[in-house]
Structure formats: structure tokens, C-alpha cells
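Results of the structural survey
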Amino acid sequence: MVKSKFAISVHILSLLSLSETEWMSSDLIAGSLNTNPALVRKELAALKEAGLVEGKEGKNGGSRLTKSPDNIYLSDVFQIVKENHIFGFSPNLPNPECPVGRDINGALETLFDTIDQAVHEKLKHSTLAQFSAQFVA
């Protein structure tokens, strides 16, 4: 499930997009998110693995975007953070003796695929630059 990872990643990327060429520390990013730097570093690692962010260690280190915000789509971020489906299945296995329980997860899988695709389609038309432009004073 996507849960809050999408919001956290878009927040981080929006911050980085506003200072494209500057290295931004995880402490500064954490301050904006009002969270701890360890969580930020975990999300930065996923964004780095996906090729959207690069990092530099040391006193003047931090993170920055690897490409222009005009070339990063919100659908890219969605694909990075999406683990399974936006919605999740019940933690309990349905009763296979029940006519609904027997087939519910297959039907939900089809529905969830359709929902995920609709979200992806919507997000692929929005760039990080377009989204983060609303934060420029």
C-alpha cells in the first residue's frame, strides 16, 4: 500500500526541486516534514535507488535531484512507493466454503488493478515542477 510514503516522497522532492543545484541536508528536510532525519534518509534511499536523487556525504553534503523537475512525473513517484495496491486486502483469509469468500480476493485484485491504473494515469500528466510551483513565493 502507498499509505503516507507518496506524500513524504513528494514533499521531499518538492523541497529539492526548489533548490535544484544545492545540496539539502536530511536535517533540513526533516524540519520541513516535522519528523526525524532517519525517516527522511530512509525515503531518500528509495528515491536514490530509483535514480531521482543523489547524495553527498560530509559537512557540506546532502541530497539533490538528479534531473530536472520538469522530467519527473508524479506517476514516477507513485511507482517508486507503491508496494502492492493502494488498497489492501483483509488480513484474514476468507472462508473458501462461502460463495463470496471463495472469490472475493480475485475480484478485489481486478478492482485494485483498475484503481491503481487510474491513479497512475492521472499522475502521469503532472510533473514535479508543476506541482512544486505552488510553493514558490
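For the structure itself, consult the block above.
The paragraphs below set out a description of the structure included in this document. Predicted, not measured: the structure shown is a model, and the values here were computed from it.

A look at the packing of helix 1 (residues 5-18) against helix 3 (residues 37-49)
One way to put it is that helix 1 packs onto helix 3 with a least axis distance of 10 Å and a crossing angle of 85 degrees. As summarised for this structure, helix 1 and helix 3 are arranged roughly perpendicular, according to the angle between their axes. In this structure, helix 1 contributes Lys5, Ile8, Ser9, Ile12, Leu13 and Leu16 to the contact, and helix 3 contributes Leu39, Val40, Glu43, Leu44 and Leu47. Of the residues contributing to the contact of helix 1 with helix 3, the split by class is eight nonpolar, one polar and two charged.

Points about the environment of Lys48
Relative to the helices and strands, Lys48 resides in helix 3. In this structure the C-alpha to C-alpha distance between Lys48 and Gln134, which are 86 residues apart in sequence, comes to 24 Å. In this structure, Lys48 is in contact with Val53 and Gly55, ignoring residues within four places of it in sequence.

Let's talk about the side chain of Ser26
Among the secondary structure elements, Ser26 is positioned in helix 2 (residues 26-33). Here Ser26 falls in the buried class, since its relative accessible area comes to 17%. Among residues more than four places away in sequence, those in contact with Ser26 are Pro37, Val40, Arg41 and Leu44.

Here's the deal with the pattern of salt bridges
Applying the stated criterion across every chain, the model contains three salt bridges. Glu54 is the partner of Arg64 in a salt bridge, and the nearest nitrogen-oxygen pair spans 2.8 Å. One end of the pair, Arg64, is in strand 2 (residues 62-65); the other, Glu54, is in strand 1 (residues 53-56), with 10 residues separating them in the sequence. Looking at Glu54, the relative accessible area reads 29%, which means it is partly exposed.

Considering the side chain of Ser63
Mapped onto the fold, Ser63 is located in strand 2. Setting aside residues no more than four positions away along its own chain, Ser63 makes contact with Leu16, Glu22, Trp23, Met24, Leu44, Val53, Glu54 and Gly55.

Notes on helix 3
In an α-helix, one turn spans 3.6 residues, which is why side chains three or four residues apart end up on the same side. Compared with the 18 Å implied by 1.5 Å per residue over 13 residues, the 18 Å span of helix 3 between its first and last C-alpha is a close match. Taken residue by residue, helix 3 has Val40, Glu43, Leu44 and Leu47 as its buried positions. For helix 3, the angular spread of the buried residues around the axis is 105 degrees, confining them to a single face. Residues Lys42 and Glu49 are exposed on helix 3 and point more than 90 degrees away from its buried face. The elements touched by buried residues of helix 3 are helix 1, helix 2, strand 1, strand 2 and helix 4 (74-81). The backbone nitrogen of Ala38 has a side-chain oxygen 3.0 Å away, supplied by the residue at the start of helix 3, namely Asn36.

Some thoughts on the pairing of strand 2
If a strand is regular, its side chains alternate between the two faces of the sheet. Across four bridges, strand 1 lies against strand 2 in antiparallel orientation. Looking across to strand 2, one finds that Lys56 is bridged to Gly62. Count of turn residues in the strand 1/strand 2 antiparallel hairpin: five residues, of which Gly58 carries a positive phi of about 110 degrees.

Rules behind the numbers
Residues numbered from 1 in each chain as written. Predicted model: local features only at pLDDT ≥ 70, side-chain atom pairs only at ≥ 80, totals over all residues. Heavy atoms only, no water. Axes fitted to C-alpha atoms, helices over the stretch in contact; angles between N-to-C directions. Helix = DSSP H or I, 4+ residues; strand = E, 2+ residues; numbered from the N terminus. Parallel < 35°, antiparallel > 145°, perpendicular 65-115°, else oblique. Contact = heavy atoms within 4.5 Å. Nonpolar A, V, L, I, M, F, W, Y, C, P; charged D, E, K, R; others polar. Buried < 20%, exposed > 50% of the residue type's maximum accessible area, 1.4 Å probe, protein only. Salt bridge = Lys/Arg side-chain N within 4 Å of Asp/Glu carboxyl O. Expected span 1.5 Å × (residues − 1). Arc of directions from axis to C-beta. Polar contact = N/O pair within 3.5 Å; in protein donor to acceptor, adjacent residues only side chain to side chain. Pairing = 2+ DSSP bridges.

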